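Below are the chains, spelled out letter by letter.
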Amino acid sequence: MQQNKVRAKNQWIPEFDVSYFFTKNIAAELVLTYPQRVNIYSNLTAGPTGTVTALPPSLLLQYHFTDLGAFKPYVGAGINYTIFSNRSNFSVGGTNNYLTVDQNSVGFVGQIGADYLLDKTWGVHVDVKYATMSSNVTGSGPLSSLGNIGKLTLNPLMPAVGVTYKF
């Protein structure tokens, strides 16, 4: 039996990060965005199969290297919890065949980045994050005999540039 391939289109999205420093080296970062519309494609249809909405907050624990003056590189690792909504009844080929995506996904997120402090309060930062997200796609109607159609895997590489403000 041929394995069905389920995929999503790449896209750019804005994010908002909030960090709390427990010590001068250890911080927790919460990464937030608004729910994103994700176009789903599979080899069951010639064009887009459907869309889901994904809300992917992440929580990371970071280690900041502070002995380099204003330049403060860091590494982080944590957990991503993605909530999928508007996730069912993708019509396949205009028939009574439908696909459904699982409601949530839990995965790993890793990060490497750096802050550059312009003064005691303001700075700039750059980082890149990699997250793992995966959801089962199952069939209904006549497709229900196929059971698990495949996995929707979203493993985004997320570059970020921003402004830092320390309270």
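Fair warning: this is a prediction, and the values are worked out from it, not measured in the lab. (Residues numbered from 1 in each chain as written. Predicted model: local features only at pLDDT ≥ 70, side-chain atom pairs only at ≥ 80, totals over all residues. Heavy atoms only, no water.)

**Quick notes on the overall build of the protein**
Looking only at helices and strands, the protein features zero helices and 14 strands. Listed N to C, the secondary structure of the protein is β-β-β-β-β-β-β-β-β-β-β-β-β-β in terms of helices and strands. The burial tally for the protein puts 38% of its 167 residues in the buried class. Considering only contacts in the protein between residues 6 or more positions apart, those separated by 24 or more positions represent 59%. On the protein, roughly 9700 Å² of surface is accessible, and the fraction owed to carbon and sulfur atoms is 61%. (Helix = DSSP H or I, 4+ residues; strand = E, 2+ residues; numbered from the N terminus. Buried < 20%, exposed > 50% of the residue type's maximum accessible area, 1.4 Å probe, protein only. Contact = heavy atoms within 4.5 Å. Areas by Shrake-Rupley, 256 points an atom, 1.4 Å probe, with all protein chains shown as cover.)

**Comments concerning the pairing of strand β7 (residues 71–85)**
Relative to β7, strand β6 (residues 58–64) runs antiparallel, the two sharing seven bridges. Directly across from Leu61, in β7, lies its bridge partner Ala77. By the bridge criterion, 13 bridges tie β7 to strand β10 (residues 104–117) in an arrangement that is antiparallel. By the bridge assignment for β10, Ala77 is matched with Gly110. (Pairing = 2+ DSSP bridges.)

**A word on the side chain of His125**
Residue position: His125 is located in strand β11 (residues 122–131). Those residues within four positions of His125 in sequence are excluded, and the remaining contacts are Asp17, Tyr74, Ala114, Asp115, Ala160, Val161, Gly162, Val163 and Thr164.

**Notes on the nonpolar core**
In terms of nonpolar packing, the biggest core is built from 17 residues, with Val38, Val52, Phe84, Val101, Val137, Leu152 and Leu154 touching the most fellow members. If one sorts the elements of this core by residue count, strand β13 (residues 148–154) sits on top with three residues. (Core = buried A, V, L, I, M, F, W, Y, C linked by side-chain atoms within 4.5 Å.)

**Quick word on the packing of aromatic side chains**
Tallied over the entire structure, the rule returns four aromatic pairs. Pairing Tyr63 with Phe65 gives two aromatic rings, centres 5.0 Å apart and planes at 75°, and the pair type is edge-to-face. With a centroid separation of 5.0 Å and 85° between ring planes, the pair formed by Tyr165 and Phe167 is classed as edge-to-face. An aromatic cluster of three or more residues is present, and its members are Trp122, Tyr165 and Phe167. The ring of Phe21 carries the charged tip of Lys166 above its face, separated from the ring centre by 4.9 Å. (Phe/Tyr/Trp six-rings, centres within 6.5 Å; stacked < 30°, edge-to-face > 60°. Lys NZ or Arg CZ within 6 Å of the ring centre and 35° of its normal.)

**Describing the environment of Gly69**
Among the structural elements, Gly69 can be located in the loop between β6 and β7. The spacing of Gly69 and Leu117 is 48 residues in sequence and 8.7 Å in space, taken between C-alpha atoms.

**Structural notes on the confidence of the model for the protein**
Residues at a pLDDT of 70 or more form 77% of the protein, whose mean pLDDT is 83. Within the protein, no element has a lower average pLDDT than strand β8 (residues 88–91), which sits at 58, and none a higher one than β6, at 97. (pLDDT = per-residue confidence, 0-100.)

**Considerations on the pattern of salt bridges**
For the coordinates displayed, the defined rule picks out three salt bridges. Two residues, Asp17 and Lys129, come together in a salt bridge whose shortest N-O distance is 3.8 Å. Taken together, the residues span a long stretch of sequence, with Asp17 in strand β2 (residues 16–21) and Lys129 in strand β11 at a distance of 112 residues. In this structure, Lys129 engages Asp127 in a salt bridge whose closest nitrogen and oxygen atoms are separated by 2.9 Å. As far as the burial class goes, Lys129 and Asp127 line up, both buried. Each member of the salt-bridge network shares a partner with another, and the members are Glu15, Asp17, Asp127 and Lys129. (Salt bridge = Lys/Arg side-chain N within 4 Å of Asp/Glu carboxyl O.)

**Brief notes about the pairing of β2**
One ladder, built from six bridges, connects β2 with strand β3 (residues 26–32); its direction is antiparallel. Residue Phe21 lies in a different strand from β3, and its bridge partner there is Ala27. If you look at the hairpin formed by β2 and β3, you'll find four residues sitting between the two strands.

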